[in-house]
Structure formats: structure tokens, C-alpha cells
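Fold and geometry: a report
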Amino acid sequence: MAAAGSELIGGPMGRRAFTGRAWWSPVRVIALVMIGMFALGMVQKLPCYNGAWFFGTGAQYTHACYSDIPHLFQGRGFADGLVPYFDRLPGDMEFLEYPVLTGVFMEVASWVTPGSGSLVEREQIYWLVNAGMLMACAAVIAVCVARTHRRRPWDALLVALAPALALTATINWDLLAVALTAAALLMWSRERPFAFGVLLGLATAAKLYPALILGPLFLLCWRAGKWRAFGTALAGSAGAWLVVNLPVMIGAFEGWSKFYTFSEERGVDFGSFWLVLSQNSDQPLATETVNTLATLLMVLACALIATLVLMAPRRPRLAQVAFLVVAAFILTNKVYSPQYVLWLIPLAALARPRWRDFLIWQSCEVLYYLGIWMYLAYTSSGDAQRGLPLEGYHLAICLHLAGTLYLCAVVVRDALFPERDVVRRDGDDDPSGGVLDGAPDRFVLGYAAAHPPQHAAHFDRPVVRWGTGRTIGDGLSASGPVAPGSS
């Protein structure tokens, strides 16, 4: 689909093409597509921008255009010039409940917002400023994903054209952490583990989930014996996180720790299967019990993923394992906000770059996006009861869970049967793996220890290698990694 559509602006690169001269490179095209889709997402928020955020509660839900950004401009003290983490907030939330780097992002946007004018006008401008900054993050994501798999840049169109990204990009500030994570994965693919660690540490300072990627990296480096690269990445990550967090920890520990205490004390909330269980139970589980059970489920999921990594017939790709771990966290967590889908979109495009599977998953996420707002419209409409009732919302949650589990299943299948992996079928090993790409195994278990690695499938057609002008010819076996520039 993407290759055929690209013919409108020049078409896929042929085997004799000379790269580096055409301005319309795949990366530039994908970045522009991303910006265009982001702009469409901003247009979708227009009913709220013109009043639904400010006048009446239900309209922002019926138009499915809710955003935290304008509400938190005043609710977290930015309209009054309060300093995040250091100044206590009026109301129930005593301090800003976001990680430090996200708080810095929010504060910088408030500096650009005028201090005069009505509150509504200032909230509108604050949202526009944040949207512009988040658009830059979205462009960074598109560029990084396009460059991570050097010979498959068009896979990044999955990210740029993802409908859930356009709908959720300006709900919250998650795109900052997603952009830093995408840049970190790009650095790892370029065999720069320290730069990867620094960027991942910064991403973790903006949102907690990027730290989960260190787990897959540890397992893959264990299997390949790449301990030095992992140690360098871990040191860079810890150092970058401390550089951002330590000043606030020392100067305002209570404010700094609010994010972590709030996450622990927060009850079962929207989007999780825990909510479905709670709302269908006469005796809902206590928050402490849910925390314990969710942690145990996450540990179990990670144990299963570790078994897959160490026993698969061929070492899984980094993007595949990272996707599975982050998806496991989302599935077992006690809350699923609509914008959390942004965490998975770049990883999904790298782990399973097939339009059919990607769009099945995205359809489920779009239905959930509509479902949560229609349910909130129902609960806020009083006796009018306009919107989606509880049973319909539970169905939307189940669709979200089913779509994510489906994509996890096909990724696991690709890891168990590498010949089904579309990235490896053209002869690559792990183009996002950096030092892991083509590295021999040093430690394996079970089946993998008793059998030699399986390789990609045999090909009977040429396969274009982006940016190299090479093909795998008819009748050649793509049985292993091919070094850039080889013939």
C-alpha cells in the first residue's frame, strides 16, 4: 500500500537508482505526512478549541476532542506563575503529578503563553504552543523510525498515518517521551550505546515506560554476550536520568515524589481490565491488592518474554521484544489512558511492519478512543443519558485488549518462526539491533541450544534494498544478515 501510494511522488526506488540527489527522499516524505496527519488531529480538536473545553462538560466528550492541556494550564498553577514541584498547588493535587522532564516541557510552554488576556484566550494559546512543540516531537518520531531500519524507510508510514496518533497526539504530553525513545532506538541501531542510554534516560525522565526497554536489551545482550554495550547503555541511561531529576529531588523532594506516590495510590481507572472486573463485582479489590496483582502479572509476562528470548530458534529482534514488554505493561496496568497507544505505535511499526495487522490493531484503538468519550458523555449527561452506557464501554475496553493481544500474538509468532518475519525475509537479521545485528549467540536455552538458528525464507523474486541500490537476486537464499555495501 505504501509503496504503491508513493508512486504519486516518484515511486519506490529501483535497483539502479542513484541515491542522495533527489530532495523527495523517503524520510522527508514521511516527515511531511506526519505533520499533515498531526494537523488533521488538531482540526479534529476544533470544536473543543472553540468552546467545548470551557463551556459545559459534556460537549468535549460528545465531540471526542478532550485534552488535558488547557485544563491543566490553570489546574496545575501555570496560569498563576507557580513553579512545578517547588510551589504547592491549591486544591486536591498538592504538586504536579508528572515526571520532571514533562514538567519542564509544560513550564516552557507556559513561558511562551502571554500573561495578559482572558483565561480562555490564554488556555487556547497554551494548547497551541504545546501542540506546536508536540508536532516537532511527532516529526522526530517519524524521522527516527524511518532511519532505524535503513532498507525499510517506508515502514515509518505506519506511524505517520496511524489514526490513533492523530486523535491522541494532543491529549497529553506523551509524545515527548515517545520521541526521545524513538531517537534512542535509532542511536542503538547505529551502534552508539552511550547515546542510546542518554536518550533513554531522558525519555524515562519524561515518562516511566521507556525504562522497560532496558529489560529486553538486557536479555538480548545476554544471549549475544554483548555485556559491554549493555553496561554502557545502562550507565548513560542512569546518568541522564539523575542529571534531570537530582536537582529537583534535592530542592523539592515532596513535589518530585508526587508522580510516584500518585501512581501507587491511584485506584483502578479507565481503560483497564481491572475496571471491568471492579464494575462487575460486588466487592471490588482494594488498590493495594490491585497493585500487587498487577505487579505479579507483569512479572509473569516478563518471565514468559524472557523464555521466548532465550529459547527462540533465532534471537528475536530488539523492536519485537521491546514491543512485547511495553504491551504487557499496558495490558496489566490499572489504568489505560487513550494516549498510551502512542507508546506502542513506533514499536509496532518496527516489530511488525504489515499494514493488515497494524490497521486491525489501530481500528480497535480508535473504537476505544470513541468509546471512552461516549461513556464520559453518558455519565455527564444526567437524566438525558446521551452516550455509551457501561456495557458498551466495557465492550470498547475488551476491543482494545483484544487488538493489543492480537498484535502481540503475531509478533510472538514471528519470533518463533523467523521465516514469517517480514523484516528478516529480505535477508536482514536485526536492523534495529546495533551490535546485536548478526552477532552469534553466546547463551541459549532449551530448543535453541539443541538446534542451529533458523534463517529467513528462500526467495524467488528480487528484493529492493533501500539506499544501497542492491537486490537479492532470483534464486538466492536470504539465509543470513548482509553487511551494508556487500554484493
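The chain goes by Membrane protein in an unreviewed UniProt entry, where it is assigned to Streptomyces gougerotii. Taken verbatim from the UniProt record of the chain, the Sequence similarities (unreviewed entry) comment is "Belongs to the glycosyltransferase 87 family." If you open the UniProt record of the chain and go to Subcellular location (unreviewed entry), you find "Cell membrane".

Points about the packing of aromatic side chains
Throughout the structure, instances matching the rule amount to 32 aromatic pairs. Centre to centre, the rings of Phe 73 and Tyr 126 are 4.6 Å apart; their planes meet at 35 degrees, and the pair counts as tilted. Remark: Tyr 126 occurs in helix H7 (residues 119–148) and Phe 73 occurs in helix H5 (residues 68–75); sequence separation between them is 53 residues. Pair check on accessibility: Phe 73 and Tyr 126 agree, each one buried. The structure contains a cluster of three or more aromatic residues connected by ring pairs, namely Tyr 209, Phe 270, Phe 329, Tyr 336, Tyr 340, Trp 343, Tyr 368, Tyr 375 and Tyr 393.

A look at the environment of Cys 144
Its place among the elements puts Cys 144 in helix H7. The exposure class assigned to Cys 144 is buried, which follows from its relative accessible area of 7%. Discounting residues that sit within four places of it in the chain, Cys 144 has contacts with Ala 182, Ala 183 and Leu 186.

Describing a nonpolar patch on the surface
Taken together, the side chains of Leu 367, Leu 370, Leu 395 and Leu 399 make up a nonpolar region of the molecular surface, amounting to roughly 340 Å² of accessible area. For the nonpolar patch, the secondary-structure elements that each account for two or more residues are helix H20 (355–380) and helix H21 (390–416). Following the sequence through the fold, Leu 370 ends up in helix H20. A relative accessible area of 40% places Leu 370 in the partly exposed class.

Considerations on the state of the cysteines
For the coordinates displayed, the defined rule picks out 1 disulfide. A disulfide bridge connects Cys 48 with Cys 65, and the sulfur atoms are separated by 1.9 Å. Between Cys 48 and Cys 65, the S-S torsion sits near 75 degrees, and that sign places the bridge as right-handed. Highlighted residues: Cys 48 in helix H3 (residues 46–52) and Cys 65 in the loop between helix H4 (59–62) and H5, separated in sequence by 17 residues.

Overview of unusual backbone geometry
The residue Ala 64 is not glycine, and still its phi comes out positive at about 50 degrees. With respect to the element layout, Ala 64 can be found in the loop between H4 and H5. Residues other than glycine seldom take positive phi values, yet Tyr 85 does so here, at roughly 75 degrees. Within the fold, Tyr 85 resides in the loop between H5 and helix H6 (100–112).

Side note on the pattern of salt bridges
Counted according to the given criterion, the structure contains 17 salt bridges. Of the charged contacts, one joins Asp 441 and Arg 223 as a salt bridge, the two residues approaching to 3.1 Å between their closest N and O atoms. In this pair, Asp 441 sits in the loop between H21 and helix H22 (446–450) while Arg 223 sits in helix H12 (residues 214–224), placing the two residues 218 residues apart along the sequence. With relative accessibility at 27%, the residue Asp 441 sits in the partly exposed group. One salt bridge in this structure joins Asp 441 and Arg 315, with 2.7 Å as the shortest N-O distance. In this pair, Asp 441 sits in the loop between H21 and H22 while Arg 315 sits in the loop between helix H17 (287–311) and helix H18 (318–332), placing the two residues 126 residues apart along the sequence. By relative accessible area, Arg 315 is classed as buried at 6%.

Considering the nonpolar core
A general tendency of soluble globular proteins is for nonpolar side chains to be buried together. Counting 141 residues, the largest nonpolar core has Leu 175, Trp 188, Phe 196, Phe 323, Ile 345 and Trp 373 as its most contacted members. Here this core gets 13 residues from one element, more than from any other, and that element is helix H10 (residues 174–189). Filtering out sequence-adjacent residues up to four positions away, Ile 345 remains in contact with Val 159, Ala 162, Ala 164, Leu 165, Phe 358, Trp 361 and Gln 362.

Describing the confidence of the model for the chain
Across the chain, the average pLDDT comes to 88, with 86% of residues at or above 70. Predicted confidence in the chain is weakest over strand S2 (residues 470–472), with a mean pLDDT of 37, and strongest over helix H11 (residues 193–206), with 98. Low pLDDT, under 50, characterises residues 454–487; the stretch is placed with 78 contacts to residues that sit more than four places away or in other chains.

Points about the packing of H5 against H7
At their nearest, the axes of H5 and H7 sit 9 Å apart, and the two run at 125 degrees to each other. Accordingly, the angle class assigned to the pair H5 and H7 is oblique. With respect to the hand of their crossing, H5 and H7 are arranged in right-handed fashion. Counted together, Ile 69, Pro 70, Phe 73 and Gln 74 of H5 and Leu 119, Arg 122, Glu 123, Tyr 126, Trp 127, Asn 130 and Leu 134 of H7 form the full contact between these two elements. For the contact of H5 with H7, the residue count by class is 7 nonpolar, 2 polar and 2 charged.

Quick notes on the rules
- Residues numbered from 1 in each chain as written.
- Predicted model: local features only at pLDDT ≥ 70, side-chain atom pairs only at ≥ 80, totals over all residues.
- Heavy atoms only, no water.
- UniProt positions renumbered as here; feature names shortened; annotations may be inferred.
- Phe/Tyr/Trp six-rings, centres within 6.5 Å; stacked < 30°, edge-to-face > 60°.
- Helix = DSSP H or I, 4+ residues; strand = E, 2+ residues; numbered from the N terminus.
- Buried < 20%, exposed > 50% of the residue type's maximum accessible area, 1.4 Å probe, protein only.
- Contact = heavy atoms within 4.5 Å.
- Patch = residues over 30% accessible without salt bridge, like charges linked within 9 Å, V, L, I, M, F, W, Y side chains within 5 Å.
- Areas by Shrake-Rupley, 256 points an atom, 1.4 Å probe, with all protein chains shown as cover.
- Salt bridge = Lys/Arg side-chain N within 4 Å of Asp/Glu carboxyl O.
- Disulfide = S-S within 2.5 Å.
- Core = buried A, V, L, I, M, F, W, Y, C linked by side-chain atoms within 4.5 Å.
- pLDDT = per-residue confidence, 0-100.
- Axes fitted to C-alpha atoms, helices over the stretch in contact; angles between N-to-C directions.
- Parallel < 35°, antiparallel > 145°, perpendicular 65-115°, else oblique.
- Left-handed = near helix turned anticlockwise from the far one by under 90°.
- Nonpolar A, V, L, I, M, F, W, Y, C, P; charged D, E, K, R; others polar.

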